[in-house]
Amino acid sequence: IAGVAAAYVFVRLLLSIGQRGTPRRLPIEVPSEWVDRVHYSLADARSFAGRRVLVVGLGDVAMEAAVALSRQPGTEVILCHRGDDFHRGKARNIAEVRRRQAASALRILWQSEIRGLEPDGAALSSPEGTVKIQCDALLVFIGSIAPVALLRQAGIGAGEIASVPRPLNPDDPARWPDRPEETR
């Protein structure tokens, strides 16, 4: 009802707002000619067919995007990762990226970070110095900023936020200590 204020008291409240949050942005200035070429999500890998794409990050989302892109005809895919090896991600994603790399369907630039964007590509820092990568598009998957501000705005303090370590099982009595014994 619009304009009606109400107060509710709960023992527990489950907010299903997801954990993706807001995509973390590049730590560099994006020139105006690149604004339409920098993406923080991938809806359709086919839209990048035949293009040179630099994917920044090496978590599950970045690996899945790189694999999908590498399957598009004529698409050149390069993964840029600041680390020296795979340190996270699902085993199946890591295995598929390794397969695609072995098949020369994508490349990985280890220990590299994006430092700037130029008209025809990106400048990366690496142990060998500055590396210039020609690319038509940049996909950035470097994590996200959790929606903590939304929770604080709703009056929920950091100490009141709990994460669920495993899926809820309605038959697990340890998950429902307040439930009456006869319903456990």
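Residues numbered from 1 in each chain as written. Predicted model: local features only at pLDDT ≥ 70, side-chain atom pairs only at ≥ 80, totals over all residues. Heavy atoms only, no water.

**Details of the sheet that holds strand 3 (residues 52-56)**
The line we're drawing: Strand pairing follows a simple DSSP-based rule, namely that at least 2 bridges must link the two strands. Numbering goes from the N terminus for both helices and strands, where a helix is a DSSP run of H or I of at least four residues and a strand is a run of E of at least two. For this analysis, residues touch if any pair of their heavy atoms sits within 4.5 Å. Interaxial angles span 0 to 180 degrees and are taken between N-to-C directions of axes, which are lines fitted to C-alpha atoms, for helices over the stretch in contact.
Ordered by their spatial adjacency, five strands build an open sheet running 2-9-3-4-5, and the pairing between neighbours is parallel. Across the chains shown, the open sheet's two edge strands, defined by having one partner strand only, are strand 2 (38-39) and strand 5 (107-109). Inspection of the sheet shows strand 2 paired to strand 9 (residues 137-140) by two bridges, in the parallel sense. Residue H39 lies in a different strand from strand 9, and its bridge partner there is L139. Relative to strand 4 (residues 76-80), helix 1 (residues 60-70) is tilted by about 165°, and along the sheet it contacts strand 3, strand 4 and strand 9.

**A word on unusual backbone geometry**
Put simply, the rule reads: The rule is simple: take the accessible area with a 1.4 Å probe, protein chains only, and divide by the maximum for that residue type; under 20% is buried, over 50% is exposed, in between is partly exposed.
Positioned with a positive phi, S104 is a non-glycine residue whose angle comes to about 60°. Looking at where S104 falls in the secondary structure, it is placed in the loop between helix 2 (91-102) and strand 5. Phi at Q111 is positive, roughly 50°, even though this residue is not glycine. Summarising the element assignment, Q111 is placed in the loop between strand 5 and strand 6 (113-118). Classification of Q111 as partly exposed rests on a relative accessible area of 41%.

**Regarding the packing of aromatic side chains**
So the rule is basically this: Put simply, two rings from Phe, Tyr or Trp (the six-membered ring, in Trp's case) pair if the centres are within 6.5 Å, and we call them stacked under 30 degrees between planes, edge-to-face over 60, tilted for the rest. Two thresholds decide whether a charge sits over a ring: the Lys NZ or Arg CZ must be within 6 Å of the ring centre and within 35 degrees of the ring normal.
Under the definition given, this model contains one aromatic pair. When the ring of F86 is compared with that of W110, the centres are 5.2 Å apart and the planes differ by 80°; the resulting orientation is edge-to-face. Of this pair, F86 sits in the loop between strand 4 and helix 2 while W110 sits in the loop between strand 5 and strand 6, placing them 24 residues apart in sequence. Given a relative accessible area of 12%, F86 falls into the buried group. In this structure, R25 is placed above the aromatic ring of Y40, and the distance from its NZ or CZ to the ring centre is 4.1 Å. The ring of W34 has R37 lying over it, and the distance from NZ or CZ to the ring centre is 3.7 Å.

**Some points on the pairing of strand 9**
Residues of strand 9 alternate between two faces, with A137 and L139 on one and L138 and V140 on the opposite face, all of them buried. Here strand 3 runs beside strand 9; their pairing, made up of four bridges, is parallel. Residue pairing across strands places V53 opposite A137, the latter belonging to strand 9.

**Some remarks on the side chain of E96**
Cut-off, in case you're wondering: Pairs of N or O atoms are called polar contacts if they sit within 3.5 Å, as long as, within protein, a hydrogen donor faces a hydrogen acceptor (for residues adjacent in sequence, only side-chain-to-side-chain pairs).
Residue placement: E96 occurs in helix 2. We classify E96 as buried; its relative accessible area is 16%. Among the polar contacts listed, one links the side chain of E96 to the side chain of R99, at a separation of 2.7 Å. Not counting the four nearest positions on each side in its chain, E96 is found in contact with V67 and R71.

**Some words on the sheet that holds strand 6**
Sheet architecture is open: three strands sit in the order 6-7-8, paired in antiparallel fashion. The open sheet is flanked by strand 6 and strand 8 (129-134), the only strands paired with a single partner. Pairwise comparison of adjacent strand axes, ignoring direction, gives a mean angle of 30° for this sheet. Pairing analysis gives six bridges linking strand 7 (residues 121-126) to strand 8, with the strands arranged antiparallel. Paired with A123 across the strands is K132, a residue of strand 8.

**A short note on helix 2**
Selection rule: Here the expected length of a helix is defined as 1.5 Å per residue gap, with one fewer gap than residues. By arc we mean the arc of the directions from the helix axis to the C-beta atoms, nothing more.
Its twelve residues give helix 2 an end-to-end C-alpha distance of 16 Å, which sits within 8% of 16 Å, the value for a rise of 1.5 Å per residue. Those residues of helix 2 lying buried are N93, I94, E96, V97 and R100. All buried residues of helix 2 lie within an arc of 165° about the axis, which places them on one face of the element. What points out from helix 2, more than 90 degrees from its buried face, is the exposed set A91, R92 and A102. Structurally, helix 2 contributes buried residues whose contacts are with helix 1, strand 4 and strand 5. S104 sits one or two positions beyond helix 2 and adopts a positive phi of about 60°.

Worth remembering: the numbers are spatial, not functional.
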